[in-house]
Amino acid sequence: MLKLALISLVIAAVLALLGFGGAAGTFVGIAKILFFIAIAVFVLFLVLGLLAGKGIKDAID
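The name given to the protein chain in an unreviewed UniProt entry is UPF0391 membrane protein HHL08_07650, with the source organism recorded as Sphingobium psychrophilum. According to the UniProt record, the Subcellular location (unreviewed entry) comment for the protein chain reads "Cell membrane". Under the UniProt heading Sequence similarities (unreviewed entry), the entry covering the protein chain gives this text: "Belongs to the UPF0391 family."

Trainee: Help me understand the overall build of the protein chain, please; the structure alone is not making it clear to me.
Mentor: Secondary structure summary: the protein chain contains 2 helices and 0 strands in total. The C-alpha radius of gyration of the protein chain comes to 19 Å, more than 25% above the 10 Å expected for a compact globule of 61 residues. Counting only C-alpha atoms, the protein chain reaches 65 × 15 × 10 Å along its principal axes. Across the 61 residues of the protein chain, 13% fall into the buried class. Carbon together with sulfur atoms contributes 82% to the accessible area of the protein chain, which is approximately 4700 Å² in total.

Trainee: Looking at this structure, I do not really get helix α2 (residues 21-60). What am I missing?
Mentor: Each full turn of the α-helix corresponds to 3.6 residues, which orients residues three or four apart in the same direction. The end-to-end C-alpha distance of α2, which contains 40 residues, comes to 58 Å, matching closely the 58 Å that a straight helix rising 1.5 Å per residue would cover. Looking only at α2, the buried set comprises A24, A31, L34 and A38. As for α2, its buried residues are in contact with α1 (2-18).

Trainee: It is not clear to me how the packing of aromatic side chains should be interpreted in this structure. Could you clarify?
Mentor: Each aromatic ring pair is characterised by the separation of its centres together with the angle its planes make. Applying the stated criterion to the full structure yields 1 aromatic pair. Ring centres 5.5 Å apart and planes at 70 degrees place the aromatic pair F35 and F36 in the edge-to-face group.

Trainee: Explain the environment of T26 here, please?
Mentor: In this structure, T26 sits in helix α2. Given the relative accessible area of 46%, T26 is considered partly exposed. With 14 residues separating them along the chain, T26 and A12 place their C-alpha atoms 7.8 Å apart.

Trainee: Can you walk me through the UniProt feature "transmembrane region" (unreviewed entry) in the protein chain in this structure?
Mentor: With numbering aligned to this structure, UniProt lists the feature "transmembrane region" (unreviewed entry) at residues 33-53. Structurally, residues 33-53 is divided into 100% helix and 0% strand, and its ends, taken at the C-alpha atoms, are 30 Å apart.

Trainee: Teacher, can you tell me more about α1 here?
Mentor: In this model α1 runs 25 Å from its N-terminal to its C-terminal C-alpha over 17 residues, within 8% of the 24 Å that 1.5 Å per residue would give. Looking only at α1, the buried set comprises A5, S8, A12 and L15. Here the buried residues of α1 occupy an arc of 85 degrees about the axis, which is enough to place them on one side. Facing away from the buried side of α1, by more than 90 degrees, are the exposed residues K3, L6, L17 and L18. Residues of α1 that are buried make contact with α2.

The rules we used
In this convention, every chain numbers its residues from 1, walking through the sequence in written order. Residue-level local features of this predicted model are given only where pLDDT is at least 70; pairs of side-chain atoms are given and counted only at 80 or more, and the full residue set underlies all totals for whole chains, interfaces and linings. Excluded from the side-chain calculation are hydrogens and water; included are all heavy atoms of the structure. UniProt positions are given in the numbering used here, feature names are shortened, and annotations may be inferred rather than shown by experiment. Think of it this way: any DSSP run of H or I at least four residues long counts as a helix, any run of E at least two long counts as a strand, and we number them from the N terminus. What the globule rule says is 2.2 Å times the number of residues to the power 0.38, and the radius of gyration is computed from C-alpha atoms. Only protein chains enter the accessibility calculation, which uses a 1.4 Å probe. A residue is then buried if its area is under 20% of the maximum for its type, exposed if over 50%, and partly exposed in between. Note on areas: Shrake-Rupley with a 1.4 Å probe; residue coverage comes only from the protein chains shown. Each helix should span, by expectation, one fewer than its residue count multiplied by 1.5 Å. When checking whether two residues touch, look at their non-hydrogen atoms; a contact exists if any pair is within 4.5 Å. Only rings of Phe, Tyr and Trp enter the pairing, Trp through its six-membered ring, and a pair is recorded when the two centres are within 6.5 Å. The plane angle decides the type: under 30 degrees is stacked, over 60 is edge-to-face, the rest tilted. Throughout, the arc means that of the directions going from the helix axis to the C-beta atoms.

And the structure:
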């Protein structure tokens, strides 16, 4: 997901250099959305991993 965000930022930079400001702004918006989705998925998996680890520890004890 972060790879797609980085690719979108590179495309936006190229489009901005070529003078396509509207399209560049669109790709920056896409990159922002992908970045925040990646962060949300990371936090979700972090919490799920911590809860699963706690459940396994409780089952062992």
